[in-house]
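Here is how the chains run, residue by residue.
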Number of protein chains: 2
Amino acid sequence: MAFLSVFTPVLAVVLCLVIGFVLVKSWDTETTSTSPGKSKGATKGEKRPWVDQDLQDDTEITAKEDDGDADDDWGDSTEEENLTQLPYSPQRYPEETMLQRSKEFYTLMNQRRSVRFISPEPVPREVIDNVIHTAGTAPSGAHTEPWTFIVVSDPDIKHQIRLIVEEEEEMNYRQRMGEKWVQDLAKLSKKNTFSFSFPSSCRTNWIKEYLDVAPYLILIFKQTYGILPNGKKKTHYYNEISVSISCGILLAALQNAGLVTVTSTPLNCGPKLRLLLKRPANEKLLMLLPVGYPASDATVPDLKRKHLDDILVHV
Amino acid sequence: MAFLSVFTPVLAVVLCLVIGFVLVKSWDTETTSTSPGKSKGATKGEKRPWVDQDLQDDTEITAKEDDGDADDDWGDSTEEENLTQLPYSPQRYPEETMLQRSKEFYTLMNQRRSVRFISPEPVPREVIDNVIHTAGTAPSGAHTEPWTFIVVSDPDIKHQIRLIVEEEEEMNYRQRMGEKWVQDLAKLSKKNTFSFSFPSSCRTNWIKEYLDVAPYLILIFKQTYGILPNGKKKTHYYNEISVSISCGILLAALQNAGLVTVTSTPLNCGPKLRLLLKRPANEKLLMLLPVGYPASDATVPDLKRKHLDDILVHV
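Residues numbered from 1 in each chain as written. Chains lettered and ligands numbered in written order. Predicted model: local features only at pLDDT ≥ 70, side-chain atom pairs only at ≥ 80, totals over all residues. Heavy atoms only, no water.

Enquirer: Is there a simple way to think about the packing of helix H11 (residues 239–257) of chain A against helix H11 (residues 239–257) of chain B in this case?
Expert: To characterise two packed helices, one gives the angle between the axes of the helices and the distance between these axes. Packing of H11 of chain A against H11 of chain B leaves a shortest axis separation of 7 Å and a crossing angle of 50 degrees. It follows that H11 of chain A is oblique to H11 of chain B by the angle criterion. Between H11 of chain A and H11 of chain B lies a crossing of right-handed hand. Contacts between H11 of chain A and H11 of chain B involve Glu240, Ile241, Ser244, Ile245, Cys247, Gly248, Ile249 and Leu251 of chain A on the former and, on the latter, Glu240, Ile241, Ser244, Ile245, Cys247, Gly248, Ile249 and Leu251 of chain B. The class makeup of the residues in the contact of H11 of chain A with H11 of chain B is ten nonpolar, four polar and two charged. (Axes fitted to C-alpha atoms, helices over the stretch in contact; angles between N-to-C directions. Helix = DSSP H or I, 4+ residues; strand = E, 2+ residues; numbered from the N terminus. Parallel < 35°, antiparallel > 145°, perpendicular 65-115°, else oblique. Left-handed = near helix turned anticlockwise from the far one by under 90°. Contact = heavy atoms within 4.5 Å. Nonpolar A, V, L, I, M, F, W, Y, C, P; charged D, E, K, R; others polar.)

What follows is the structure in structure tokens.
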């Protein structure tokens, strides 16, 4: 009995530690799976397959290294403050011309569609260069220009990219999408016979023919941070928004040139594709665009766009 | 002594509980401050003032409601699967024309600059409508079109927006930017006398004259989720990327019309501006663009853009 009364406190402590450990562990898994800002989430966040684990904006991770350029007015950075100001007087059009130009540009852009049937015909490389040069004119947080455009025309690399994307896609559907998803797929497969004759237009499987067929694959990487002369990391604020804006201008440039693409954000392929293309660790895949002429038998779903009144409010 | 030996286990348990509680508390603060995906971070994440607490993509939060449309090929959604396919044959240009068009579009876009000196001259509203209609042609995850464009021309509302933005800006600089930041500001204020003659071009204070002066303020909201007919939330996948792409096309359309703007993402003003403009809870402010003609005496910093070779890699 004396023996017990001596050991009871020790037992109590051990018990508490065990309980505490279990508690903290569960806490850890919970928080990592709800914070896509951590790559740990990649393995633990299986609950949300649609969140690309390599896609998150790492600003908050790298920011601690150097927070000299945080600002809300883009390009309005320290460097800029020290630059001389130049007069700026861009071309100004008469009202009639403005109206005409804005109408014509709308008509041109409104003809753009996501196209999965891309012709293998070659496209002049200079056009692709011009289009990407245009994307590079986008604004970016503190003028960091945090984008890298990888243009793949090598058939072997294109095929390796296809294998990586399709493998991940298959996993996404088979393992990650869960029961509800599998049922949806089953339903679709039954009714949607059309899909099978055009696999790459079909969401119910993971075949991406256009990754082999398109003359060019443009892989757009966001640079989550830069390296300063002193070797320190330089945070790229709003890097994901900046690169997405640049992609918008890229899509406009492609449409203007008469080329087609389909905007895709391959789920969780980022790390593998980054390694395949030998990109540095600060670059993360944001988008993959197969680019070319539309196939002669290309089709698009009969989609409607929202009316102007549904997206615009005057105050 | 017997008294003590009876109470030792109790004391031990209390001690463990206290230690455990302290440990878990610190854990909590840490994780919330590194996960901008939680609005709790807004109050606790003071360490990272540049992370707009209202800006994060809520996909992972709302996704649990309905995960029927997760996909990597945008617009490749269930609805689409059930739509009839239409032949698509957009205009195709001869190679010479393509080259010419891609060059001209680059030249036009390369003239775009972020301009903070905006003329108060009126701009035809129809041009603004066309420009936003153009932005609405952007692709979006599962064709959710998750954007709302609020165009403010009312002087009072513009001024209220200015007050909200400037108040937040001042707080950002004064309270949140930390010691290092305050020192940087002091340095800049000393050497950068130029700034004071053009406050709105100066990062070292928080005056945003253009919010009063510009004939239009375009506030771009991302819809983090939609509401299904059955009242359930419909997740808008990649809504932040989609809306940013749409902003890229908007910037291209403005430039094409001869109008100027400065891309800004007001730090933490989202909630106040959302309430001011009476926007629903699923809409979050992504960007604020003052739009108009450039002022006759407008200047821009002597910035250079990266060379094509620094942003483009052929494989």
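Enquirer: Honestly, the sheet that holds strand S2 (residues 147–152) of chain A in this entry has me stumped. Any pointers?
Expert: Remark on secondary structure: sheet strands pair via backbone hydrogen bonds, oriented parallel or antiparallel. The sheet built from four strands is open, its strands ordered S6(A)-S3(A)-S2(A)-S8(B) with mixed pairing. Only two strands of the sheet have a single neighbouring strand rather than two, namely strand S6 (283–291) of chain A together with strand S8 (312–314) of chain B. Neighbouring strand axes in the sheet, compared pairwise and without regard to direction, differ in orientation by 20 degrees on average. In the sheet, S2 of chain A pairs with S8 of chain B via three bridges, with the strands oriented parallel. Paired with phenylalanine 149 of chain A across the strands is leucine 312 of chain B, a residue of S8 of chain B. Sheet contacts for H11 of chain A: S2, strand S3 (216–223) and S6 of chain A; angle to S3 of chain A, the most-contacted strand, approximately 155 degrees. (Pairing = 2+ DSSP bridges.)

Enquirer: Would you take a moment to explain the environment of lysine 232 of chain B for this structure?
Expert: Here lysine 232 of chain B lies in the loop between strand S4 (225–227) and strand S5 (233–235). Looking at lysine 232 of chain B, the relative accessible area reads 43%, which means it is partly exposed. (Buried < 20%, exposed > 50% of the residue type's maximum accessible area, 1.4 Å probe, protein only.)

Enquirer: How do you make sense of the pattern of salt bridges when you look at a structure like this?
Expert: Oppositely charged side chains may form a pair once their charged atoms are brought near each other. Residue and element names in this part refer to chain A. Summed over the entire model, instances satisfying the criterion amount to 20 salt bridges over all chains. When the shortest N-O distance is used, the salt bridge between arginine 162 and glutamate 166 registers 2.6 Å. Placement of the pair is arginine 162 and glutamate 166 together in helix H7 (residues 155–176), with a separation of four residues, close to one helical turn. Put simply, lysine 208 and glutamate 169 hold a salt bridge, and the shortest N to O gap is 3.8 Å. Note that lysine 208 is positioned in the loop between helix H9 (193–197) and helix H10 (210–213) and glutamate 169 in helix H7, a separation of 39 residues in sequence. With respect to burial, lysine 208 and glutamate 169 carry one shared label: buried. Each of Arg162, Glu166 and Asp212 takes part in one network of salt bridges that share partners. (Salt bridge = Lys/Arg side-chain N within 4 Å of Asp/Glu carboxyl O.)

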